[in-house]
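Coordinates in review
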Amino acid sequence: MEEYSREPCPWRILDDCGGAFTMGCIGGAVFHSIKGFRNAPSGLARRAAGSLVAVKTRAPIIGGNFAVWGGMFSTIDCTLVHLRKKEDPWNSIISGAATGGILAARNGAAAMAGSAVIGGVLLALIEGVGILFTRLSAEQFKPGHPQIEDPSQLGQPPSAQTM
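We now turn to the structure provided with this report. (Residues numbered from 1 in each chain as written. Predicted model: local features only at pLDDT ≥ 70, side-chain atom pairs only at ≥ 80, totals over all residues. Heavy atoms only, no water.)

Enumeration according to the criterion identifies one disulfide in this entry. One disulfide in the model links C9 with C78; its S-S distance is 2.3 Å. One quick way to see it: the torsion about the S-S bond of C9 and C78 is about -100 degrees, and its sign makes the bridge left-handed. Of the two residues, C9 is situated in helix α1 (residues 9–39) and C78 in helix α2 (residues 44–84); the sequence distance between them amounts to 69 residues. What makes C78 buried here is its relative accessible area of 8%. (Disulfide = S-S within 2.5 Å. Helix = DSSP H or I, 4+ residues; strand = E, 2+ residues; numbered from the N terminus. Buried < 20%, exposed > 50% of the residue type's maximum accessible area, 1.4 Å probe, protein only.)

Here is the structure:
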């Protein structure tokens, strides 16, 4: 079984940034289409127009926020891989904590600490679930013990051993 290899760091940062932007735009479009539909004046045409306006104005902003988070996370992750000379779950956990702290820097030290803890715990949970699934799926492919159906293959019967 081949191990999943990731792209080199400069391209990984751009790839993660673009993927995060796309996820943010899609999620923002879904959320703001519902919100715009509910907050628009009555009438199906007005609600549809309100939904479209809300998506056009807010979804790119949400996508941009996700892109900033994804780009910063990947940059810190690549920096840690370079400095530590190994790629393990600790890099992601530390990157999540650092990204949460840096993005909350304008709100003060208490907000930085809280966001860093939340980012670290969130990434630790994600990494833990990933490790759990990897171990569970690896157990599926372990060779089992062959079943022995013929009792004569087990060796001498117990009565023959006492003689």
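Next comes the rest of the account.
The subject of this paragraph is the packing of aromatic side chains. Think of a pair of aromatic rings as described by two things: how far the centres are apart, and how the planes are tilted against each other in angle. In this structure the tally under the stated criterion is one aromatic pair. Between the aromatic rings of W69 and F73, the centroid separation amounts to 5.1 Å while the plane-to-plane angle is 10 degrees, which identifies the pairing as stacked. Residue W69 and its partner F73 are located together in helix α2, separated by four residues, close to a single helical turn. For W69, a relative accessible area of 34% gives the class partly exposed. (Phe/Tyr/Trp six-rings, centres within 6.5 Å; stacked < 30°, edge-to-face > 60°.)

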